[in-house]
Protein chains: 8
Amino acid sequence: MDNMLELLKRVERGEMTPEDALLKLKKQPFEDLGYANIDHHRQLRHGIPEVIYGEGKTAEQISGIVSAMRERGYECVLITRLTPEKASAVNAETPITYEPQSRIGIFGKIPTPTSAGVIAVCAAGTSDLPVAEEAAIVAEALGSRVERLYDVGVAGLHRLLHRLDTIMAARVVIAVAGMEGALATVIGGLVSAPVIAVPTSVGYGANFQGLSALLSMLNSCAGNVSVVNIDNGFGAGYLASLINNIGE
Amino acid sequence: MDNMLELLKRVERGEMTPEDALLKLKKQPFEDLGYANIDHHRQLRHGIPEVIYGEGKTAEQISGIVSAMRERGYECVLITRLTPEKASAVNAETPITYEPQSRIGIFGKIPTPTSAGVIAVCAAGTSDLPVAEEAAIVAEALGSRVERLYDVGVAGLHRLLHRLDTIMAARVVIAVAGMEGALATVIGGLVSAPVIAVPTSVGYGANFQGLSALLSMLNSCAGNVSVVNIDNGFGAGYLASLINNIGE
Amino acid sequence: MDNMLELLKRVERGEMTPEDALLKLKKQPFEDLGYANIDHHRQLRHGIPEVIYGEGKTAEQISGIVSAMRERGYECVLITRLTPEKASAVNAETPITYEPQSRIGIFGKIPTPTSAGVIAVCAAGTSDLPVAEEAAIVAEALGSRVERLYDVGVAGLHRLLHRLDTIMAARVVIAVAGMEGALATVIGGLVSAPVIAVPTSVGYGANFQGLSALLSMLNSCAGNVSVVNIDNGFGAGYLASLINNIGE
Amino acid sequence: MDNMLELLKRVERGEMTPEDALLKLKKQPFEDLGYANIDHHRQLRHGIPEVIYGEGKTAEQISGIVSAMRERGYECVLITRLTPEKASAVNAETPITYEPQSRIGIFGKIPTPTSAGVIAVCAAGTSDLPVAEEAAIVAEALGSRVERLYDVGVAGLHRLLHRLDTIMAARVVIAVAGMEGALATVIGGLVSAPVIAVPTSVGYGANFQGLSALLSMLNSCAGNVSVVNIDNGFGAGYLASLINNIGE
Amino acid sequence: MDNMLELLKRVERGEMTPEDALLKLKKQPFEDLGYANIDHHRQLRHGIPEVIYGEGKTAEQISGIVSAMRERGYECVLITRLTPEKASAVNAETPITYEPQSRIGIFGKIPTPTSAGVIAVCAAGTSDLPVAEEAAIVAEALGSRVERLYDVGVAGLHRLLHRLDTIMAARVVIAVAGMEGALATVIGGLVSAPVIAVPTSVGYGANFQGLSALLSMLNSCAGNVSVVNIDNGFGAGYLASLINNIGE
Amino acid sequence: MDNMLELLKRVERGEMTPEDALLKLKKQPFEDLGYANIDHHRQLRHGIPEVIYGEGKTAEQISGIVSAMRERGYECVLITRLTPEKASAVNAETPITYEPQSRIGIFGKIPTPTSAGVIAVCAAGTSDLPVAEEAAIVAEALGSRVERLYDVGVAGLHRLLHRLDTIMAARVVIAVAGMEGALATVIGGLVSAPVIAVPTSVGYGANFQGLSALLSMLNSCAGNVSVVNIDNGFGAGYLASLINNIGE
Amino acid sequence: MDNMLELLKRVERGEMTPEDALLKLKKQPFEDLGYANIDHHRQLRHGIPEVIYGEGKTAEQISGIVSAMRERGYECVLITRLTPEKASAVNAETPITYEPQSRIGIFGKIPTPTSAGVIAVCAAGTSDLPVAEEAAIVAEALGSRVERLYDVGVAGLHRLLHRLDTIMAARVVIAVAGMEGALATVIGGLVSAPVIAVPTSVGYGANFQGLSALLSMLNSCAGNVSVVNIDNGFGAGYLASLINNIGE
Amino acid sequence: MDNMLELLKRVERGEMTPEDALLKLKKQPFEDLGYANIDHHRQLRHGIPEVIYGEGKTAEQISGIVSAMRERGYECVLITRLTPEKASAVNAETPITYEPQSRIGIFGKIPTPTSAGVIAVCAAGTSDLPVAEEAAIVAEALGSRVERLYDVGVAGLHRLLHRLDTIMAARVVIAVAGMEGALATVIGGLVSAPVIAVPTSVGYGANFQGLSALLSMLNSCAGNVSVVNIDNGFGAGYLASLINNIGE
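Every chain is numbered independently, its residues counted from 1 as its sequence is written. In the order they appear in the text, chains get letters beginning with A and ligands get numbers beginning with 1. Given that the model is predicted, a residue must reach a pLDDT of at least 70 before its local features are reported, and side-chain atom pairs must reach 80 or more before they are shown or counted; all residues, however, enter totals for whole chains, interfaces and linings. To get the side-chain values, all heavy atoms of the structure are used, and hydrogens and water are removed first.

J.: What am I meant to see in the overall build of chain A here?
T.: Helix numbering and strand numbering both begin at the N terminus, where a helix is a DSSP run of H or I of at least 4 residues and a strand a DSSP run of E of at least 2. Across its full length, chain A carries 10 helices and nine strands. Within chain A, contacts between residues at least 6 apart in sequence are counted, and of these 67% link residues at least 24 apart. Accessible areas in this description were obtained via Shrake-Rupley with a 1.4 Å probe; residue shielding takes into account the shown protein chains only. For chain A, the accessible area works out to roughly 9,200 Å², and carbon and sulfur atoms hold 51% of it. Note on contacts: a residue pair qualifies if any of its non-hydrogen atoms lie within 4.5 Å across the two residues.

Below, the structure is given as structure tokens:
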């Protein structure tokens, strides 16, 4: 509000006409109120990677964005949902490393995570791994230490229980599952940490492209479960890292 | 086929005209071919209860059916989906006992079950009990011994595991659950017996009147799970008893 | 864990026979085995309220549970989704206070929240208040300080922006909205804290009992938004409090 | 109506027999009765482009229609939903220019728009541009001046607010958005002009091919928002231009 | 904008201190900043009625709001979706007139509409009248002249065609229909004016509470049709009046 | 067309001005062109009953319509979907007989059907009878002879086959079924006559208010099956009677 | 039935032993019992074409079936849903003619239709022609005279009304439409003949692969409309021909 | 519990420290309770084939798993949902035989089934055979004798009834059907054995990828029917074999 008082004083002192003041007030109503920081996605501190959503962008567009970031001094950039073909094309322009399972391209190098808390990324089946890996790599890139617990679907409960220590020690748990999506509820009942459930489109028939897992997770009888969109590994990793860093 | 040969022989012997034989063949085409037993719902042996679906029938209609059965010598009749009001009205005409939780009315007395195998009826939460009890009582009425395991929802996994011996000893398991319906899959993974999953309409919001549990159960990653309609306790108890009696 | 180690030490010191220790372990099998936190709903420390889900339970059942808890020394118990009628009936047996808007009954007294972080509970419209209040009271009961921002729906964006400071200062934000559910995404873009979105069934027509807000929130283009079930104020408050307490 | 009155006058003057007049009326019953304007799509005045829906038509069919129009004197014809392949094939027969983003082919030249009012076409994200451009070009072709505001999705609210002047000055606003579709409601709350919302199929998972944005827009809590079909840029541009020209 | 410029001029003239001006600006931050029209629902000029959405509000709340408005000088207030019971209760506190068909309560008196253009409100069947009347009265209250064309469903096409002159003379058409919702498309093809389609929940079975009419209208093959929510008569009347007033 | 020629001749003879003729042509464009018979629902010959759709109409409205028809000489009027309460209220004004099962009220007397062909109305279960009876009575009222085959659901196939002669002798078959709706397909395969399938909302759970029977019938692998709306007994009876009367 | 009576008479006359008669009856149980006509698809009289559903069958399978039919003396065989590729492959084995628009292959020659009544096949748009042509050719092949009325969608109502005489003269009408499917209702209101509505999957977005047209047609407010599956031209043509031949 | 007492006694005797005992208790809570056998899918006895779900696994992954199994002594391994391409690639590494219809690859040799009971696998149409064969081969591989009854769809009921003896003699019946899925209910009514219904995605239009058959089967009015996921031949065969082996 200081700026505004200053402006009014300039009007009082005759240094600015009322008309010019009105225009200024009208043109910058929100910026003047201190909202510069609402664009947090882009204003990350040096060393923290930037994330580009690769789907629906051409290789040329991606290369262009990465180049522009490199010039502005970004040391690490992630590109999610990047097909192998696009990755090759981008790589021809700008050197990136490519993780085929998670379909993530990485410009620069992901710094070693140093968070106090650990995020446990649990995946029910082999087919859920692309989504789980996307979550894990995004979380690591944002500074979180990650434990991977794969192939722990509830139809073989002992595999999950076998790693109960790891799950119970985590500050945040990501539960990735398709088909009936029961993993989220079972883990929600076993731990007291927040559980971010990621339904996947893995399955067939009455799965309806992930609807069954989505509804299952939304209806979880465990109180510590919330849900992101089907196959949204990025969102889960991003959100888990936000939560993991609370209090640090 | 004997009847038919007899009929043809009567034609041969001139005891029946071809026209009369044709009429008889035409009037009872299926029964005469030995299909009398296709009406199995009604042809149960003495001592085995008959089951009436009470929903959509008036108290008068139900009383009438029970009276007719009593006259034909039935010793035990079950009426499912019977509201307390209708139960009172029926009881004024024909003495029945009424189980309020399962909403089952019983004329006569259910004989003590004597099956070799046991059916485990598992229910996730308190609100699932009406459906679970319907399944249990129907199965008992059809001669099966039943073990009830209630309040064993997967968000408190230890409660389920605590009774694992009972579940693993059952010849058939009925898994009754609403909300996310994960119980069916978890049990399916724990036992090698057939599991009949009953989704219930318990829940709210994205439950969509049982759709979430239904889809969850249909997509179970356990191979020994099949599903009946939402809230269909009767079907589960009936089918479980059929399976339980195989080989006896 | 201390209790269990203590018990084992008493066995070691000969102060307790193995048989008595086994009996004690067996009676409380999971808590004593260190999985106390599996059953976290019930094992809250002194002074932290217990929460009972009131829907589908009779007034008698609720009174019974509250009485049992009172006897075991609980100082505060919350009952959610309690109708005014049931609240009166419970109150006749056990003195409770009743919050009609959130439909929460309270036995004892909610202790004053002392958390370092603050949870901002934002609600789009007047009709969303029951769900928002449920979330707010549950979070407060679990020890979190709460800021309420009601009637901040995005069709009147200035009302939301007017309180931007409060929202941006929160450690966790709960966004409660029905109809088109846009509030979650707009807030998600304004803050960098985790946002728990609660779709409500407020609306009509193509709202389909909350489906529109649910899908809208699941598809949020903001990366820090996760979603709980339609009208699930309890879950949002519970989960927000878990996150708010991380690192404390 | 003039033609018909003229015909009746010719009958009155004895220049035409009633029988011939009847035949003429019968052969063109509706046009002659003054309903010529019900066929408005085809009877546009000279200089105003005709629009062909290209999807589901072969390149040969399109070429044929364009040729026929050229012969009838049309100076400008638009072909919407034209793939690059078809555009090449059409171009080999009839010279057209092709806008790859909006997938519109143009025979002749779009005249410079001269409308008093301006239509603001707002698009949430880069992937929504094909639909937005289709709307913009159609509106321009029908004579409306258009302001494009792209990449103004509500997760980065400042970008939208930054251009508030432009939006508020528009006579009609078109809001194009996929995913959660919140843009329509936010704009609806900011302006008092009619807002035509176009949900797009941009998104994945619980987007269900545009259903989430569609439902979100239909449930908008802003009273000045109406909705067209998913990805229907043509309809939005056409309707906006109709509204923009009211009173001119 | 005049008020704000006036305020700045008073500062310039030394008639108001910058601090007082700041305080005044801060207390009414958005209206004074020229965004009065953001809050257009509430800031209507003298003589133009205010509209309250009555559903989900108690009679007491409604009475309170109307009283407050009366004190602030509003001469006419509409309350939509007002049940007869609530209307009686409100009337006991504040005198209103009540239109039972449209379920609208009116405080004060709707001024006689004077718009140059006319809005044609067409309804397919008798059961659609409540929604149609809501649209018509809202449009009239906002100053638009309205022509009602009721019982013009397309299964009796001659009734619609009989009134073609009226429809074709309208500046905006509102098409209200349930069941198969074909009315919107038929009218859309007959006129060149914008058509606002309002699906209603009238029907049964595969109507699915208005879904059939909604989808039908969204898929209209007429290019001048846009759609509002099921049963949203208010929105249609409000939006139609906005469009009707363009250029005036 | 005669009227129109006459009109033109009057213009020729100077008995009517061209302007008046134009007005007349414009005002009655469709009627004058010979479309009087498009209103066939209302123009039924003497002795053929008129049908009123009772749902959504008050008893007063129904009484009024019946009275008006009586005055115009109608000898028989049917009122469908009439609740017992409304029937009593109507009866107090205008004497009607009431069929509680089909919920049809009858003013006057249905004439004895005399059609050459017979319509077989088949219903799967007892709960489907209201819909089946509505179809049967409507068909009879429109002059068709009807055979009723009730309780012939396919789970007891012998009951259906037992009456195969009747079904195969029918000129049109109406198949009324809820739940899985299999009756339509089984009958479609047994007969070569047209089968009109009526899904009913009878069922629960995954029935989704008749959706399962509806989809089942639409997907019938029998080529002679078409479908009307859920619970639309009227439509089935009306359409069957139309077909039954072809060639008579 | 003659054969069977003959058989019984031969038994009576001693020309056949009861045992041989039983064997004969048992080997062809249903045909001999007079149910031969349940297999009506295959038992069509000489000169009437047989129809093969080509989708999901390989070219080899189709060739094989056609060859077998040719050998059994069929003079005309239709193959529906035949892709151009399969048609070429079939043609290499068995000479057929191929209709690319309807995707029907014809072995032999369709006899000239001679039915007294005419079937009017109406299609809303150009994209609906494949389905309409399938219906038309199937109806012709089964002996019905067919009138085609294409491009008569209700957004250009005059085109439909222009051909009203033809539609009103038809004994059965087939209404083929995608998008909003309004054509069926408009025609249903114009004629008193049975209308078979065929929704097509033509459209995009909220069309949901034909769902909008399907629901629209099922909810038709015209009483003489029934519906077949989406894109089911064959079923409509087959059923229309059955109805058209009633009474002949 | 013996182990636990032993452990406590060792603590008492000083043979184990309390800390070590605590760790042991915590690490093996579930294993110690006898859960070794929960992994029944993998612990099948020698001679019983192992089943691999081939979908979503690369040829390399499958080859690797088969090789590993071969080394561990498995004599027969089934790979389901194996495309011909993958089968060739696997075969190049590890010799398998491939069943193209069921898409099953077999390493080793399926032993001759010897079960007392027989499973009847019924399929409605030719297009359902892949799913039916998957069920049949899986059941045979697990030791069950199987009778195949193909092309017994209910639109040609006599084909099904012709083989009634076989169906009625089966201990378990699998009913595979797409489109309207009526086969399951008809068979359910004919036999008293358990019926496992498998909806298939065969069909088009309102089939919605198997939804119609799925809902139809879930709503079966026969009490002995339960349902597995759409196209889940494996599950049906596996479960049927479990049931078939009960009591052996």
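J.: When you look at the packing of helix H5 (residues 129-141) of chain H against helix H10 (residues 233-244) of chain H in this model, what are you seeing that I'm missing?
T.: All names here are of chain H. The interhelical angle for the contact between H5 and H10, taken along N-to-C directions, is 35°, at an axis separation of 7 Å. Crossing of H5 over H10 shows right-handed handedness. In contact with Val131, Glu134, Ala135, Val138 and Ala139 of H5, H10 contributes Gly233, Phe234, Ala236, Gly237, Tyr238 and Ser241. Note on definitions: angles span 0 to 180 degrees between N-to-C directions of axes, and those axes are lines fitted to C-alpha atoms, for helices only across the stretch in contact. Rotating anticlockwise by less than a right angle from the far helix to the near helix defines a left-handed crossing, while the corresponding clockwise rotation defines a right-handed one.

J.: Can you help me understand the interface of chain H and chain F in this one?
T.: By a frequent convention, interface size equals the accessible area lost on bringing the separate parts together. Counting residues at the interface gives 24 residues for chain H and 24 residues for chain F. Summed over both partners, the accessible surface that disappears when two parts come together, traced with a 1.4 Å probe, is what is meant by buried area. Of the roughly 1,900 Å² buried where chain H meets chain F, counting both sides, 73% is carbon and sulfur surface. Summed over the three residues of chain H that lose the most area to chain F, namely Ala155(H), Glu180(H) and Asn219(H), the buried surface amounts to 29% of that side. Whenever Lys or Arg places a side-chain nitrogen within 4 Å of a carboxyl oxygen from Asp or Glu, that contact is recorded as a salt bridge. Across the chain H-chain F interface, the total number found is zero salt bridges. Here a polar contact is taken to be a pair of N or O atoms separated by no more than 3.5 Å, where protein atoms must pair a possible hydrogen donor with a possible acceptor and residues adjacent in sequence count only if both atoms sit in side chains. Applying the counting criterion to the chain H and chain F interface returns 10 residue pairs in polar contact (both at pLDDT 80 or more). Where the side of chain H that touches chain F is concerned, the elements lending two or more residues are helix H6 (157-162), helix H8 (183-190) and helix H9 (211-218) of chain H. The element that contributes the greatest number of residues to the side of chain H that touches chain F is H9(H), accounting for five residues. Lys, Arg, Asp and Glu make up the charged group, whereas Ala, Val, Leu, Ile, Met, Phe, Trp, Tyr, Cys and Pro make up the nonpolar group; the residues left over, Gly among them, are polar. Its residues assigned to classes, the side of chain H that touches chain F shows 16 nonpolar, seven polar and one charged.

J.: Help me understand the domain arrangement of chain A, please; the structure alone is not making it clear to me.
T.: All names here are of chain A. Where each domain starts and ends comes from a domain assignment, either automatic or drawn from a database. One can read the domain layout of chain A as domain 1 (32-108) and domain 2 (118-244). A separation of 25 Å is found between the C-alpha centroids of domain 1 and domain 2. Between domain 1 and domain 2, the residue contacts involve 12 residues of the former and 12 residues of the latter. Counting the surface lost from both domain 1 and domain 2, the interface buries some 1,000 Å², and carbon and sulfur atoms represent 68% of this.

J.: Whenever I open this one, the packing of aromatic side chains confuses me. Can you help?
T.: The description of two aromatic rings rests on the distance between their centres and on the angle between their planes. Between rings of Phe, Tyr and Trp, where Trp is taken as its six-membered ring, a pair exists when centres lie within 6.5 Å; planes separated by under 30 degrees are stacked, by over 60 edge-to-face, and by other angles tilted. One pass over the structure, following the stated rule, counts eight aromatic pairs over all chains. Counting as a charge over the ring demands two things of the Lys NZ or Arg CZ atom: a distance within 6 Å of the ring centre and an angle within 35 degrees of the ring normal. The ring centre of Tyr204(G) lies 4.1 Å from the NZ or CZ of Arg81(D), which sits over that ring.

J.: Mind showing me how you'd approach the environment of Ala236(H) here?
T.: Here Ala236(H) shows up in helix H10. The contacts of Ala236(H), once residues within four sequence positions are left out, are Ala135(H), Ile174(H), Ile196(H), Val198(H) and Val228(H).

J.: Mind showing me how you'd approach unusual backbone geometry here?
T.: What is expected of a backbone is that most residues other than glycine have negative phi and most peptide bonds are trans. Phi angles above zero are rare outside glycine, and Arg103(A) is one such case at about 55°. With a phi angle near 60°, Gln209(E) is a residue other than glycine that sits in the positive phi range. Among the secondary structure elements, Gln209(E) is positioned in the loop between strand E8 (195-199) and helix H10 (211-218).

J.: Even after reading the chapter, I still don't get the relation of the copies chain H and chain F, so can you show me in this structure?
T.: Between the two copies of the chain lies a rotation about an axis combined with a shift along it. Our superposition of the copies is a least-squares fit, built on the C-alpha atoms of residues whose pLDDT is at least 70 in both. Mapping chain H onto chain F calls for a rotation angle of 177° and an axial translation of 0.4 Å; the resulting RMSD is 1.2 Å. Taken together, the rotation and translation describe the operation of a two-fold axis. Among all residues of chain H, the minimum C-alpha distance to the rotation axis is found for Ala182(H), at 2.4 Å. Counting the interface residues of chain H, we find that 100% of their copies in chain F are interface residues as well, pointing to one common contact surface.

J.: Just checking my understanding: could you explain the interface of chain C and chain A for this structure?
T.: At the junction of the two partners, chain C supplies 33 residues and chain A supplies 33 residues. Interface area for chain C against chain A, summed over the two sides, is near 2,900 Å², with a carbon-plus-sulfur share of 67%. Counting the surface chain C buries against chain A, the share from its top three residues, Leu218(C), Gly223(C) and Ile246(C), is 19%. Scanning the region where chain C abuts chain A turns up zero salt bridges. Our enumeration of links across chain C and chain A arrives at four residue pairs in polar contact (both at pLDDT 80 or more). In terms of residue count, the dominant contributor to the side of chain C that touches chain A is helix H11 (residues 233-244) of chain C (five residues). For the side of chain C that touches chain A, the per-class residue count stands at 19 nonpolar, 13 polar and one charged.

J.: Even after reading the chapter, I still don't get the pattern of salt bridges, so can you show me in this structure?
T.: Oppositely charged side chains may form a pair once their charged atoms are brought near each other. Tallying each qualifying case throughout the model produces 65 salt bridges over all chains. Between Arg163(C) and Glu147(C) there is a salt bridge whose closest N-O contact spans 3.8 Å. With a gap of 16 residues between them, Arg163(C) in the loop between helix H7 (157-161) and helix H8 (164-169) and Glu147(C) in strand E6 (residues 145-150) connect regions that are remote in the sequence. The cut-offs for exposure are 20% and 50% of the maximum accessible area for each residue type, with area from a 1.4 Å probe on protein chains only; residues under the lower value are buried, those over the upper are exposed, and the others partly exposed. For Arg163(C), a relative accessible area of 28% puts it in the partly exposed group. Classification of Glu147(C) by relative accessible area gives partly exposed; the value is 35%. Residues participating in the shared-partner salt-bridge network are Glu6(A), Arg10(A), Arg13(A) and Glu15(A).

J.: Help me out: how do you make sense of the side chain of Glu133(G) in this one?
T.: Summarising the element assignment, Glu133(G) is placed in helix H6 (residues 129-141). Ignoring sequence-local partners within four residues, the contact set of Glu133(G) consists of Gln101(G), Ser102(G), Arg148(G) and Tyr150(G).

J.: Is there a simple way to explain the pairing of strand E8 (residues 195-199) of chain C in this structure?
T.: On any regular strand, side chains alternate: one points to one face of the sheet, the next to the other face. Residues and elements named next belong to chain C. When you tally the buried positions in E8, you get five out of five residues, the bulk of the element. Taking every second residue as pointing to the same face, both faces of E8 are buried, with Val195, Ala197 and Pro199 on one and Ile196 and Val198 on the other. By convention a crossover is right-handed if, when the strands point away from the viewer, the path from the first strand over the helix to the second runs clockwise. Traced from strand E7 (residues 172-177) through helix H9 (residues 183-190) to E8, the parallel crossover comes out right-handed. A pair of strands counts as paired when DSSP detects no fewer than two bridges linking them. Bridge count for E8 against strand E9 (residues 225-227) is three bridges, and the pairing is parallel. Bridge assignment links Ala197 to a residue of E9, and that residue is Val227. One crossover worth recording links E8 to the parallel E9 by way of helix H10 (residues 211-218), and it is right-handed.

J.: Explain the sheet that holds strand E3 (residues 97-99) of chain C to me, please; I cannot follow it from the model alone.
T.: Where strands meet in a sheet, backbone hydrogen bonds hold them as pairs that are either parallel or antiparallel. Residues and elements named next belong to chain C. Pairing within the open sheet is mixed, and its four strands lie in the order E1-E2-E4-E3. Either end of the sheet is taken by a strand with one partner, and the two such strands are strand E1 (50-53) and E3. Each strand axis lies, on average, 20° off the axis of its neighbour in the sheet, ignoring direction. When E3 meets strand E4 (residues 104-108), the two strands line up antiparallel, connected through three bridges. Of the residues in E4, the one forming a bridge with Glu99 is Ile104.

J.: I'm lost on the packing of helix H10 (residues 211-218) of chain F against H9(H) in this one. Help?
T.: Pairs of packed helices are described in terms of their axes, by the angle between the two and the distance that separates them. Where H10(F) meets H9(H), the axes come as close as 8 Å, and the angle between the chain directions of the two elements is 125°. For the element pair H10(F) / H9(H), the angle class is oblique. As for how H10(F) packs across H9(H), the hand of that crossing is left-handed. Of H9(H), the residues touching H10(F) (which contributes Leu211(F), Ser212(F), Leu215(F) and Ser216(F)) are Leu211(H), Ser212(H), Leu215(H) and Ser216(H). Of the residues that constitute the contact of H10(F) with H9(H), the class distribution is four nonpolar, four polar and no charged. Here the word oblique covers every angle except those under 35 degrees (roughly parallel), over 145 (roughly antiparallel) and from 65 to 115 (roughly perpendicular).

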